[in-house]
Each structure stands twice: as C-alpha cells, then as structure tokens.
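A structural walkthrough
One-letter residues, chain by chain:
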Amino acid sequence: MDDFVKPLSEEVESIFFVEGEQNARYPYSHSILLEDYLIDTGISHKRLRKLKKLFPINHVILSHWHEDHISGNALLDGAMFYCHSRDKPVIENIRKMIPYYGVENSKVGEELKSLIELLGMKNIKVDYVTEDNQIFNIGENIKLNILHTPGHTAGHCAFYEKNSKIAFLGDIDLTKYPYYGNIDASLIEFEKSIERLNNMDIEIAITGHRDPIYGRSEINEEFEKYKSILLQRDERILSQLTERSKPIKPIDLKNKNIIYRKYTIFKEFELLAEVLMIEKHFEKLNEKKIITIKNNGYILN
Ligand SMILES: [Zn+2]
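The following refers to the structure shown. The model shown is predicted, which means the values in this text are computed figures rather than measured ones. (Residues numbered from 1 in each chain as written. Predicted model: local features only at pLDDT ≥ 70, side-chain atom pairs only at ≥ 80, totals over all residues. Heavy atoms only, no water.)

1. Quick notes on the packing of aromatic side chains
Per the stated rule, a full pass over the model turns up 14 aromatic pairs. Between tyrosine 26 and phenylalanine 266, the aromatic rings sit 6.1 Å apart at their centres with planes inclined by 85 degrees, giving edge-to-face as the arrangement. With a gap of 240 residues between them, tyrosine 26 in the loop between helix 1 (21–24) and strand 3 (31–34) and phenylalanine 266 in the loop between helix 8 (216–238) and helix 9 (267–287) connect regions that are remote in the sequence. Under the relative-accessibility criterion, phenylalanine 266 is labelled partly exposed at 44%. Their ring planes at 70 degrees and their centres at 5.0 Å tell us that tryptophan 65 and tyrosine 101 sit as a pair that is edge-to-face. Taken as a pair, tryptophan 65 in the loop between strand 5 (59–61) and helix 3 (67–70) and tyrosine 101 in the loop between helix 5 (97–100) and helix 6 (107–118) lie far apart in primary sequence, 36 residues in all. Overall, tryptophan 65 belongs to the buried group, its relative accessible area being 0%. One aromatic cluster is present, built from ring pairs that chain together Tyr37, Tyr82, Tyr128 and Phe136. (Phe/Tyr/Trp six-rings, centres within 6.5 Å; stacked < 30°, edge-to-face > 60°. Helix = DSSP H or I, 4+ residues; strand = E, 2+ residues; numbered from the N terminus. Buried < 20%, exposed > 50% of the residue type's maximum accessible area, 1.4 Å probe, protein only.)

2. Quick word on the sheet that holds strand 10 (residues 157–161)
With mixed pairing, the 6 strands of this open sheet are ordered in space as 8-9-10-11-12-13. The sheet is open, and its two borders are formed by strand 8 (135–138) and strand 13 (210–214), each paired with just one other strand. When strand polarity is set aside, the average angle formed by the axes of neighbouring strands in this sheet is 20 degrees. In this structure, strand 8 lies alongside strand 9 (residues 142–148), joined through 4 bridges in antiparallel fashion. Pairing of isoleucine 135 across the sheet is with asparagine 145, part of strand 9. Seen against the sheet, helix 8 touches strand 12 (204–207) and strand 13 and runs at an angle of roughly 130 degrees to strand 13. (Pairing = 2+ DSSP bridges. Axes fitted to C-alpha atoms, helices over the stretch in contact; angles between N-to-C directions. Contact = heavy atoms within 4.5 Å.)

Structure (structure tokens):
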C-alpha cells in the first residue's frame, strides 16, 4: 500500500486516512476512505490517480465547496457525488466561488480563477443531496452519520462513523486559523457546530488540514484551543470599540491583524477575507447584545 493511505481502526478495517499532498497544506487537504466511499478530493491529482488504482471509488461525498476539498472531482467522474444542498450550487458551478468569496472585480478574483485552472478543476453534477443525521450503511461494518455543521460554509458537513468512533471534521479543522471568510459563512453557526461536535463521543478526529488526533481528552483539548482563538478575535475587535461616539465598521479594522496575526504571501486575499470575518464577529456580538448598531457602524452596548 502506498504510504499516504493509512488504516485508522482495528475494529473497522476498511477505513483509511488518506493524507493530502504537502501534508494537506493549502491548496491540498486530507481525505478519508470508507470501503468505496471517498470523502473530499483535494489530496492532489497525482495521489488521487494512485488511490484509484489501489481502490475502487464508486461514491464521493464532499464536505463543502472550497477548492482545496473538491479539486479532484473531475478525476472521479464515474462515481456518484453527494453533498449538502446549500453547497451544491458552487460545486456544480465552480465559477460561483468568485462571488461567494466576495472577490469579484479584484486582483484576488483573477488569481483565484488562475488557481482553479492550475488545479485542473472542472464542474461535476451532484447526484444526491445529503441531509443532517442521515446514515449511510456501507459494507457490513460501517455506519456513516452525516452531520450538517454549517458556519465555515452554509452546507459544510462533518461525518461520524459509529462503530469505530472516527469523525471527519472537514474544515472545523482544529488548526490555528479557523476560517469563515466567505459570504455564506456564519460565525454564530460555526460556534454551534463546534459545540455539537465537541459533545460527541469521538475517539479519532480527522480534519482537512491536520494529522489525526487520537483520544477523547486530546480531542477535547484541541476543541477548547480552537474555541479560544475565536474568543481572542472577539476581544481584539472589542478593544477597538473604545469610543461610544465613534461607530466602527468592519472596513475600519482592515489591515490591523485582527484575524491574521501575520499576513502571508496571500496578503491581498487575507485582507479581503479578514474584513468578511470581522463582519461575522460583529453579527455575533450584536446578536449577543454586546454591541449595537449606530450610524451604519457599531458601538459597545
Ligand atoms: Zn474550507
């Protein structure tokens, strides 16, 4: 077996961790294979071709519409495709990513179009729309539970296999960079989804961009760290709202390292995404009545 495909469970032998190229750093991501079901196709074209030779893949379930999770779709065009209805429009028409990321008519939008080309991405037809709590019985031993966990995108799903207690959390990715910078994202929903997953009996957690995490307490600890990053972002935003006479808009907090503590080579994209994410914090803080709207901006309540 190739070294990027690793068995995960002794109880359920036919579940594999499929490691993404470059350890799943963007624009790649990890996948999980359960018999002939593959979740996500962003491991890289090269690895996907190898994987297809090792295993028949007849079903592809997509966790969400982001390019780093669906880039290999066209290589599996004989398979049945599944995703949540809220993410189906972008998966079937990848050009919609540009308005969904809010990057139309910008240099970043042009770069994204080039990346879509470079990754060899193509539209596919989604055969089947999944629903929250739906269970897929796969082979004799696998019961795969679909969990609609919106926030990162509107139709983002996580997956839980009941017999092995393995979960694939998609881009509730337990890294240092929680992301909700597209127009269909919601921080309020993201936090609810995190809470839902953290209350589940997970023994092995796989995410789109991290090595597997083993053990209930380790997983719980990682969830707590992830949640604290979101709260720190709240704090940084609130610390900017000092004068009640001066309402603040998300755009006023641009380029202040509120979300990204360091900007990278993707700075132009990060600046746009950051303003969108700050908007999601304002939405949350407003709902919690910590801040309030005044003159098209926000002040402390
Ligand atoms: Zn994503």
